[in-house]
Amino acid sequence: MHFTHNNSGVCSRSVSFDIAPDHTVTGITFIGGCPGNTQGVAALAEGMKAEEIIERCSGIRCGAKSTSCPDQLAKALEKAIAELDK
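Rules used in this analysis
- Residues numbered from 1 in each chain as written.
- Predicted model: local features only at pLDDT ≥ 70, side-chain atom pairs only at ≥ 80, totals over all residues.
- Heavy atoms only, no water.
- Buried < 20%, exposed > 50% of the residue type's maximum accessible area, 1.4 Å probe, protein only.
- Helix = DSSP H or I, 4+ residues; strand = E, 2+ residues; numbered from the N terminus.
- Arc of directions from axis to C-beta.
- Contact = heavy atoms within 4.5 Å.
- Pairing = 2+ DSSP bridges.
- Axes fitted to C-alpha atoms, helices over the stretch in contact; angles between N-to-C directions.

Novice: Would you mind going over helix α1 (residues 35–45) with me for this structure?
Specialist: Because each turn of an α-helix spans 3.6 residues, side chains separated by three or four positions end up pointing in the same direction. Looking only at α1, the buried set comprises T38, V41, A42 and A45. The arc that holds the buried residues of α1, viewed along the axis, is 95°, so those residues lie on one side. Exposed and oriented more than 90 degrees from the buried face of α1 are P35, G36, Q39, A43 and L44. On its buried face, α1 is in contact with β3 (25–32), α2 (50–57) and α3 (69–84).

Novice: Sorry, what's going on with unusual backbone geometry here?
Specialist: What is expected of a backbone is that most residues other than glycine have negative phi and most peptide bonds are trans. Even without being a glycine, H23 presents a positive backbone phi close to 75°. Relative to the helices and strands, H23 is located in the loop between β2 (12–19) and β3. Its relative accessible area of 9% is what places H23 among the buried residues.

Novice: Would you mind going over the sheet that holds strand β1 (residues 2–6) with me for this structure?
Specialist: For sheets, the rule is that strands pair by backbone hydrogen bonds, running either parallel or antiparallel. If you trace the three strands from one edge of the open sheet to the other, you get β1-β2-β3, paired in antiparallel fashion. Looking along the sheet, the strands with just one partner apiece sit at the ends: β1 and β3. When strand polarity is set aside, the average angle formed by the axes of neighbouring strands in this sheet is 15°. The sheet contact formed by β2 and β3 spans six bridges and is antiparallel. Pairing of D18 across the sheet is with T26, part of β3.

Structural data, given as C-alpha cells:
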C-alpha cells in the first residue's frame, strides 16, 4: 500500500512510502526539509519493519520544535499500520 502523510510542525511538507502487509517499509520520500537529513533517515529506514522505525524515531525533536521529520515519519507509519490492519 502506498501512503502519503502531510507533515506538521517541520520544514518538510510530506512523507510518502510503501508499506507491505508484513509492515516492511520501502520507498520513503520526504518532500521539502533538509535534503541530507531526510534522505539519510529514508535510507536508514529502508526495508525495516514499521514498528522498529516507530520505536527509533518517535519523539525525536528538531531544535525547539516539538517534532521532527523522523517523528513525523513515525506518526505517518502509525496511521498507515492502522489503515493497513483494518
